[in-house]
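Chain by chain, the residues run as shown.
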Amino acid sequence: MARKIEIRGGKPLHGELEISGAKNAAIAIIPAAMLVDGVCRIENIPQISDVSLMLTNMDEMGAAIRTINRTTMEFDCRDLPPVEEGSKSMSKIRASYYFIGVLLGRFGRAKVPMPGGCDFGVRPIDQHLKGMRAMGAKVEVADGYIYAQAKNGKLHGANIYLDVVSVGATMNIMLAAVLAEGRTVIENAAREPHIVDLANFLNAMGGDVRGAGTSVVRINGVEKLHGGFYSIIPDQIEAGTYLAAVAATGGDVVLKNVIPKHLYSITAKLVEMGAEIEEMGDAIRITSDGKLYSANVKTMPYPGFPTDMQPQILTCLTVAEGTSVVTEDIWDNRYNYVTELLKMGAKVQVDGKTAVVEGQPILTGAEVRCCDLRAGAAMVIAGLIAQGVTSIGEIYHIERGYEDMVEKLKGIGADVRLVEEKDPVRKARELA
Ligand code: EPU
C-alpha cells in the first residue's frame, strides 16, 4: 500500500516539539561501533529508516545489537567474525561508504557496494578513496563494488589534502585512521557538527582525534578502542526544517533538544526574512506572523548555509514578499522538486545553480511527490503554507531522515495525516 501525507494548510503552529538525534552523525557513529573492542552504549539515536538499514546491515555482519529503550542501543562487536563485505541492502543508502573506512580499519579489507542515497546528479567518492590509498590501501571499483585491501594488512597514517571540502570523506578517513599505525592529518577537512560528534565518539572510546570542527583534523592511531557511553547530538537539519515551517505558516513554537549555535546560519536567515528567534539554553523559540520578506541564500559547507536546508528555505521564499535568489553551491542537481512547487502556484525559475523565486501571496494545495529526503520536507512545508489540501506521495524519502514527522507536526497543531492508499489496481477492482 502506498502511503501519503495529506495536509490541510493555512494553520499557524503552536506548542513544543522535541528534536531527535542527528541522522548524519548517527549513520557514521553507529558503524564506528564496529571498531570498538568493548560494549558501547549509544543514546539519542533517531528512529529513521536510514538508521534501520544501517542496523540491519550490521546485524547481518555479526554485530550484537541490543535495544535498551526507544533511542538507546548497545553494540558489542568484540566477536565480530572477520567480515569484509557489506550487504547488498547497503547500496540503498549513501552512508554505506563508511563501511569502507570501518572494515579497512578493523580487518584491513573491505568490499562495499557503491553508495546510493538521494539523487543530486553525480556524487563522486574519489576523495574517500584517495584517502584510503594514501593510508596504504589498494582500492579498485568493479561490478558495482569498492574493493579495498591494506597492503600490509593494516593501514598507516598519512597526510591527506582534500581537493573538495567533503563531509563523507572527512568522516570516512577519520574512521579508517583511528586504528591505523601512526598519525593521519586531513587538511581542508569539512567542519560540520557531525564531524565533531564522530570525533567525540571516537575519543570517548579511547581514540585520539584532534582538531575536528576546524579544517585540519589530526588522528593519532591507537591500538584499541574500548567500550563506553555516547549521546548523539540533536539534528541541526530537522530543527531547521521545523523552524522554516513555523516561519512560513506563522505561530509560536519551542524546539527542545537543540544546540542553537549549530543553527546560526539558518536562524540568521529566518530573522532576515522576518521571523523572531529566542535562544533558551538547549531549546530555541521561533515566533512569526507568517509574513516573510525575500532574501538571497547561497549554500556552503559549514558554517555556511547548509545545502540540506536549501529546498525548505526556497519553499518559504515562494510566499515571501519580493524576489529572492537561491544559489546551490554543493550539489549539481538539487532543484528537481521545484517542478512540484510550480504545481502549487510557486513562481521559480531555475538556471543551473541558481533559482530565482518571485514571492506569491499564497500557494494552493495539489498532489505532489517527494523527489528526495529534503525535497520531501520542502513539500510538507509547502503543504502547511498552502490553501486547501496537499497530498504528498513517495514519503519513504521523508522517513529516511525525519523521525515521526506527521506526529511531531500534529503535536504543534498542524492539520496533517498519514493516508494508506490502496494500490490503483485493487482500488479500480473494488470500484468496478
Ligand atoms: N565530492 C567530491 N568527491 C568526493 C566527495 C564529495 O567531489 O569524494 C563533492 C560532492 O560531489 C559535493 C561536495 O563534494 O559536490 C560535498 O559532498 P560531501 O562529500 O560533503 O557530501 P556527502 O558526505 O556525500 C553529506 C550528507 C548530505 C549532505 C552533504 C553536504 C550524509 C550521509 N550525507 O553527503 O546529506 O548534503 O554531506 O553537507 O552524511 C541529506 O541529509 O539530505 C544529505 C543529502
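Bear in mind the structure is a predicted one, so any value in this text is a computation, not a measurement.

(A) Expanded view of the packing of aromatic side chains. Counted under the stated rule, the structure contains three aromatic pairs. Residues Tyr97 and Tyr98 carry aromatic rings whose centres are separated by 4.8 Å and whose planes lie at 85 degrees to one another, so their mutual orientation is edge-to-face. Pair check on accessibility: Tyr97 and Tyr98 agree, each one buried. Consider the rings of Tyr145 and Tyr147, whose centres lie 6.2 Å apart with planes at 50 degrees: the pair is tilted. Overall, the relative accessible area of 8% leaves Tyr145 in the buried class. Seen from the ring of Tyr145, Lys111 lies directly overhead, with NZ or CZ sitting 4.4 Å from the centre. If you follow Arg123 out to its NZ or CZ, it ends over the ring of Trp331, 4.4 Å from the centre.

(B) Spatial organisation of the pattern of salt bridges. Summed over the entire model, instances satisfying the criterion amount to 26 salt bridges. Across the pair Asp208 and Arg210 runs a salt bridge whose closest N-O atoms are separated by 2.8 Å. Between Asp329 and Lys353 there is a salt bridge, with the nearest N and O atoms lying 2.6 Å from each other. Here the residue Asp329 occupies a position in the loop between β18 (323-327) and α10 (338-343), and Lys353 occupies one in the loop between β19 (347-351) and β20 (354-358), the gap between them amounting to 24 residues. A residue is classified by how much of its surface remains accessible, and Lys353, at 45% relative accessible area, is partly exposed. Each member of the salt-bridge network shares a partner with another, and the members are Arg3, Glu399 and Glu420.

(C) Layout of the pairing of strand β12 (residues 216-220). The pairing of strand β10 (residues 183-187) with β12 spans five bridges and is antiparallel. Of the residues in β12, the one forming a bridge with Ile186 is Val217. Judged from the two bridges that link them, strand β11 (residues 209-210) and β12 form a sheet pairing that is antiparallel. Bridge pairing links Arg210 to Arg218 in β12.

(D) Structural detail: the packing of helix α4 (residues 126-134) against helix α5 (residues 167-177). Relative to each other, α4 and α5 sit at 25 degrees, their axes nearing to 8 Å. As summarised for this structure, α4 and α5 are arranged roughly parallel, according to the angle between their axes. α4 and α5 meet at a crossing whose hand is right-handed. In this structure, α4 contributes Gln127, His128, Gly131 and Met132 to the contact, and α5 contributes Gly168, Ala169, Asn172, Ile173 and Ala176. When the residues that make up the contact of α4 with α5 are grouped by side-chain class, the tally is four nonpolar, five polar and no charged.

(E) Structural context of helix α7 (residues 236-249). Across its 14 residues, α7 extends 20 Å between first and last C-alpha, which sits within 8% of the 20 Å expected from 1.5 Å per residue. Of all 14 residues making up α7, 14 are buried, and the element is well covered by its neighbours. Between the side-chain oxygen at the start of α7 and the backbone nitrogen of Ile237 there is a gap of 2.9 Å, and the oxygen is on Asp235. After α7 finishes, the residue Gly250 shows a positive phi value of roughly 90 degrees.

(F) Structural context of the nonpolar core. Residues Phe75, Ile100 and Phe201 are the most contacted members of the largest nonpolar core, which totals 80 residues. Excluding anything up to four places from it in sequence, Phe201 contacts Ile29, Ala32, Ala33, Val36, Cys40, Ile42 and Tyr230. If you look at the next biggest cluster of nonpolar residues, it comprises 70 residues, including Ile5, Tyr337, Ile381 and Leu409.

(G) Main features of the sheet that holds strand β3 (residues 39-43). The strand order across the open sheet built from four strands is β4-β5-β3-β13, with neighbouring strands paired in mixed fashion. Looking at which strands have only one partner, the edges of the open sheet turn out to be β4 (64-69) and β13 (228-231). For this sheet the average axis-to-axis angle between neighbouring strands, irrespective of direction, equals 20 degrees. The sheet contact formed by β3 and strand β5 (residues 72-76) spans four bridges and is antiparallel.

(H) Quick look at empty space enclosed by the protein. If you walk through the whole model with that rule in mind, you get four cavities of 30 Å³ or more. Of the pockets and cavities examined, the largest cavity occupies roughly 80 Å³. Every residue along the wall of the largest cavity is listed here: Ala22, Lys23, Asn24, Pro193, His194, Ile233, Pro234, Asp235, Gln236, Ile237 and Arg374. Elements represented by at least two residues in the lining of the largest cavity include exactly α1 (23-32), α6 (193-204) and α7. Here the lining of the largest cavity is built from residues that sort into five nonpolar, three polar and three charged. In terms of domain composition, the lining of the largest cavity takes at least three residues from each of domain 1 (2-20 + 234-430) and domain 2 (23-231).

(I) Just unusual backbone geometry, in detail. Following Tyr302, the chain continues into Pro303 via a peptide bond in cis, with omega recorded as 10 degrees. Checked against the element boundaries, Pro303 lands in the loop between β17 (297-298) and α9 (310-317). Even without being a glycine, Asn188 presents a positive backbone phi close to 60 degrees. In this structure, Asn257 is a non-glycine residue whose phi angle is positive, near 60 degrees.

What counts and how
Residues numbered from 1 in each chain as written. Predicted model: local features only at pLDDT ≥ 70, side-chain atom pairs only at ≥ 80, totals over all residues. Heavy atoms only, no water. Phe/Tyr/Trp six-rings, centres within 6.5 Å; stacked < 30°, edge-to-face > 60°. Buried < 20%, exposed > 50% of the residue type's maximum accessible area, 1.4 Å probe, protein only. Lys NZ or Arg CZ within 6 Å of the ring centre and 35° of its normal. Salt bridge = Lys/Arg side-chain N within 4 Å of Asp/Glu carboxyl O. Helix = DSSP H or I, 4+ residues; strand = E, 2+ residues; numbered from the N terminus. Pairing = 2+ DSSP bridges. Axes fitted to C-alpha atoms, helices over the stretch in contact; angles between N-to-C directions. Parallel < 35°, antiparallel > 145°, perpendicular 65-115°, else oblique. Left-handed = near helix turned anticlockwise from the far one by under 90°. Contact = heavy atoms within 4.5 Å. Nonpolar A, V, L, I, M, F, W, Y, C, P; charged D, E, K, R; others polar. Expected span 1.5 Å × (residues − 1). Polar contact = N/O pair within 3.5 Å; in protein donor to acceptor, adjacent residues only side chain to side chain. Core = buried A, V, L, I, M, F, W, Y, C linked by side-chain atoms within 4.5 Å. 1 Å grid on protein atoms, 1.4 Å probe; cavity = no way out; pocket = protein on both sides within 12 Å on 5 of 7 lines; lining within 4 Å. Points joined across faces, edges and corners; volume = space filled by probe spheres on them. Domains from an automatic or database assignment.

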